[in-house]
Structure formats: C-alpha cells, structure tokens
Amino acid sequence: MSNAIEVSHLTKKYAKSTVNAVDNISFSVKEGEFFAFLGPNGAGKTTAISVLTTTLSKSSGDVRVAGFDVSKEASRVRQNIGIIFQNPSLDQNLTAEENIRFHAVLYGLYPFRPFFSWMPEDYKSKVRELTELIGLGDSLKKPVKTFSGGMKRKLEIIRSLIHNPRVLFLDEPTTGLDPASRKSLWQYILQVRKNEGTTIFLTTHYLEEAEDADRVIVINKGKISADGTPKELKQDLIKNYVRLTPKTLSTLVKELDSKKIKYLVEGIRVKIQISDPGADVQRLIKSIDSPLVDIDIHSPTLNDAYLQLITDKNES
Ligand code: ADP
C-alpha cells in the first residue's frame with residue numbers, strides 16, 4: 001500500500017452550526033511521509049484529525065487510514081494509529097511505565113501483569129528501547145504527577161508507539177511547551193520516524209514546525225488554501241510587492257486597468273506584485289504616467305506571507 005491516509009471530499013458540520021468546520025477537503029498522505037496540516041486557530045485542524053482518528057463522525061466524504069475505512073473499520077484504524085493530542089491523557093497517579101503497560105494491555109498486545117518484572121520479555125525490551133530513544137530512562141518508575149510538561153509529552157510518545165502504529169497523529173503537540181522542550185521533542189519525533197518508518201500527521205499553527213515536513217497543506221476556514229512542499233510553499237508565498245501611493249487613486253487604478261497590470265488596493269495605496277525588486281520596479285515606474293507621491297518595496301518574511309495567505313482567504 002502506498003497511501004497511509006486517503007481523504008476524499010471530507011465534510012464535517014457540527015450540529016447547530018451553520019457552517020462546515022471542514023468543507024469538502026481531499027488529500028492523501030504517502031506511507032512514511034511527514035505531513036503537516038497547517039492553519040490558524042479555528043481552521044478545522046482538530047476537527048479533521050478527530051475524524052481521521054475515529055473520535056468524531058464525519059458528515060460526508062470518504063476517509064481511509066492505514067488502509068481501513070474510519071467509519072466501517074474504526075477498530076482496525078485504531079489498532080494502526082498512535083495519537084498525541086494537545087492535552088496529555090495520562091493517569092497522573094500511575095507511574096510512567098504503568099501508563100504504558102495499561103495502554104498496551106488495553107490494545108490487547110499483552111496479558112496484564114501487576115508488575116513490570118512479570119511482563120513478557122518482548123514488552124520489557126520494547127519499553128526499554130523506546131525510553132532509551134526518547135530519553136526518559138530513569139523516570140520510568142516515577143509517578144506521572146511529578147513530570148514536567150515536556151516529560152509528559154515524551155511519555156505520551158512512548159505510549160502511542162508501543163503498539164508499533166503505522167501512522168502517528170500529533171495534534172499541536174508542542175502547545176504550552178517552552179522553546180527548548182519543543183526543539184528536543186521534535187528531535188525525538190523525527191528520530192522515531194527515521195527508526196520506525198512511521199507516517200507522521202501533524203497539525204500545527206506554527207509555521208516553523210511545518211518546515212521539516214515532506215508536505216504541507218494549509219487549511220483555513222475548513223478549506224485547503226495551499227498544498228505543496230515547504231519549499232514550494234515558500235516560493236509561492238514569498239512575493240515581493242511594490243507599493244505605490246498615487247496623487248489620485250482613481251487615476252492610477254484606471255491607468256493600471258487599461259494597461260492590464262494586476263494590483264490590490266490597500267487604503268490609499270496600490271500594491272503590485274513583482275518578482276525581481278531590482279529590475280522590475282524600475283520598469284514598472286517607467287511605465288506609469290499617473291503622478292505618484294510615494295513608492296516603497298515590501299518584502300515579506302515567510303511568516304508575513306503565511307499570515308497574508310490566511311487573511312486573503314478570510315476575505316474571499
Ligand atoms: P482548529 O483545530 O484548526 O483550531 P477546530 O477544528 O477546533 O479548528 O474548529 C473548526 C471550527 O469548528 C471552528 O469554527 C470551531 O468553532 C468549530 N467547532 C469546533 N468544535 C466544535 C463543536 N464541538 N461544536 C460546534 N462547533 C465546533
């Protein structure tokens with residue numbers, strides 16, 4: 001199988017809501033791919049990931065995860081996925097290892113034994129291997145309530161990997177973490193992916209977290225507004241503009257219309273996209289007869305461009 005996730009015309013409308021939280025989206029994710037679902041708050045990311053992980057029913061469309069239909073084969077989907085959500089769902093009174101053990105037993109991977117030492121060798125070596133990989137080694141026997149936010153997320157990762165999921169879902173996994181923990185968490189996730197070949201499906205509103213992804217989809221107001229590799233998105237997003245302030249706006253607009261030059265009106269200014277700030281500006285200015293009072297070149301950062309993309313789509 002080459003696609004780990006296949007989404008076709010997925011729509012979700014919450015009861016009592018007048019709009020679709022997810023509105024007819026289609027995309028697929030290849031096996032082993034690191035895929036990022038990027039968008040602002042309220043875009044529909046959690047709704048989509050909840051449908052994909054079988055915790056929310058869809059209104060229409062088809063969704064297959066790890067080869068199984070999320071509506072008709074929900075338990076098969078669950079056996080093949082790992083989930084790390086925004087709020088850790090760990091039992092605070094249990095030790096880290098007990099949290100992992102109960103999860104593994106719940107998934108039917110091993111029979112329950114009251115002590116770690118009584119568990120099958122296979123389980124013990126898997127836990128040791130994962131804790132080594134993620135760096136929680138010494139804390140395995142400590143109660144989760146003594147853990148920092150970063151440690152809890154690491155434990156969630158180990159727990160969600162214990163049943164060797166083919167797809168790992170991460171819903172804004174670094175929300176509430178400080179930059180250092182965020183960075184180290186990412187190192188762990190990427191290492192896990194390298195070692196296990198796990199498909200990663202990430203939702204985030206941090207642009208920089210999507211930069212390591214193989215592919216990014218930008219979602220806004222329930223719809224896909226951009227799709228590509230981070231490099232393609234950057235090229236697509238980062239555009240330079242020249243901003244002209246005319247003496248009379250209507251005169252300039254009329255002239256640009258007649259010369260078929262594309263523009264956007266921004267208050268009293270007109271914004272025109274250029275590809276080369278050096279050569280293009282001069283050519284543009286030479287071609288305009290309307291009197292201008294000011295000219296400036298606007299070069300957005302990637303983050304500016306992302307915000308712009310979201311704003312443009314909001315207005316449309
Ligand atoms: P994101 O995860 O991108 O922040 P969500 O999927 O949480 O976005 O929300 C998408 C839209 O659906 C928002 O407008 C939100 O208000 C709405 N929404 C989310 N959950 C519910 C719910 N349980 N009932 C009604 N509307 C909801």
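Once a new chain begins, its residue numbering starts again from 1 and follows that chain's sequence as written. Since the coordinates come from a predicted model, pLDDT governs what is reported: local features require at least 70, and pairs of side-chain atoms require 80 or more to be given and counted, while whole-chain, interface and lining totals use all residues. Processing note: side-chain calculations cover all non-hydrogen atoms of the structure and skip hydrogens and water entirely.

Caption draft 1: Seen up close, the site of the ligand. Near residues are defined by distance, with any heavy atom within 4 Å of the molecule or strand qualifying the residue. With respect to spatial proximity, the complete set of residues near the ligand consists of Tyr14, Ala21, Pro40, Asn41, Gly42, Ala43, Gly44, Lys45, Thr46 and Thr47. In protein, a polar contact means a hydrogen-donor-capable atom and an acceptor-capable atom, both N or O and within 3.5 Å, with residues adjacent in sequence counting only if both atoms are side-chain atoms; elsewhere, any N or O pair within 3.5 Å suffices. Contacts to the ligand include Tyr14, whose side-chain N or O atom sits 3.4 Å from a nitrogen atom. Separating an oxygen atom of the ligand from a side-chain N or O atom of Thr47 is a distance of 2.5 Å. Values of accessible area rely on a 1.4 Å probe in the Shrake-Rupley scheme; residue burial ignores everything except the protein chains shown. A total of 560 Å² of accessible area belongs to the ligand in isolation, and the protein chains cover 56% of it. When residue character is reported, Ala, Val, Leu, Ile, Met, Phe, Trp, Tyr, Cys and Pro are called nonpolar, Asp, Glu, Lys and Arg charged, and the others, Gly included, polar. In terms of residue class, the shell around the ligand is built from 4 nonpolar, 5 polar and 1 charged.

Caption draft 2: Molecular detail of the pattern of salt bridges. Just to be clear on terms, a salt bridge is a Lys or Arg side-chain nitrogen sitting within 4 Å of an Asp or Glu carboxyl oxygen. Enumeration according to the criterion identifies 17 salt bridges in this entry. With its nearest N and O atoms 3.3 Å apart, the salt bridge here joins Arg159 to Glu156. Of the two residues, Arg159 and Glu156 both sit in helix α5 (residues 149–161), 3 residues apart, roughly one turn of that helix. Assessed through its relative accessible area of 13%, Arg159 is described here as buried. One network of salt bridges, with partners in common, ties together Arg243, Glu266, Arg269, Lys271 and Asp296. By the criteria applied, helices consist of DSSP H or I runs no shorter than four residues and strands consist of E runs no shorter than two, each listed in order from the N terminus. Only protein chains enter the accessibility calculation, which uses a 1.4 Å probe; a residue whose area is less than 20% of its type maximum is buried, one above 50% is exposed, and one in between is partly exposed.

Caption draft 3: Up close: the pairing of strand β11 (residues 240–246). Of all 7 residues in β11, 7 are buried; the element is thus mostly enclosed. Of the two faces of β11, the one holding Asn240, Val242, Leu244 and Pro246 and the one holding Tyr241, Arg243 and Thr245 are both buried throughout. By this definition, two strands are paired if DSSP reports at least two bridges between them. Summarising the sheet, β11 and strand β13 (residues 269–274) pair through 5 bridges and their orientation is antiparallel. In the sheet register, Leu244 faces β13, and the bridge partner there is Val270. Strand direction decides the pairing type here: β11 and strand β14 (residues 292–298), joined by 6 bridges, are antiparallel. Looking at the pairing, Tyr241 lines up with His298 of β14.

Caption draft 4: Focus on the domain arrangement of the chain. Domain extents, as shown, originate in an automatic or database domain assignment. Partitioning the chain into structural domains gives domain 1 (3–233) and domain 2 (239–299). Between the C-alpha centres of domain 1 and domain 2 the distance comes to 46 Å.

Caption draft 5: Just the sheet that holds strand β12 (residues 264–266), in detail. Taken together, 4 strands build an open sheet; the order of strands is β12-β13-β11-β14 and the sheet is antiparallel. In this open sheet, the two strands that pair with only one neighbour each are β12 and β14. Shown here is a sheet whose adjacent strand axes are inclined to one another by a mean of 30°, direction ignored. The sheet strands contacting helix α8 (residues 249–258) are β11, β12, β13 and β14, and the helix crosses β13 at an angle near 30°. All axes here are fitted lines through C-alpha atoms, helices being fitted over the stretch that makes contact, and every angle between N-to-C directions spans 0 to 180 degrees. The contact criterion used throughout is that any non-hydrogen atoms of two residues lie within 4.5 Å.

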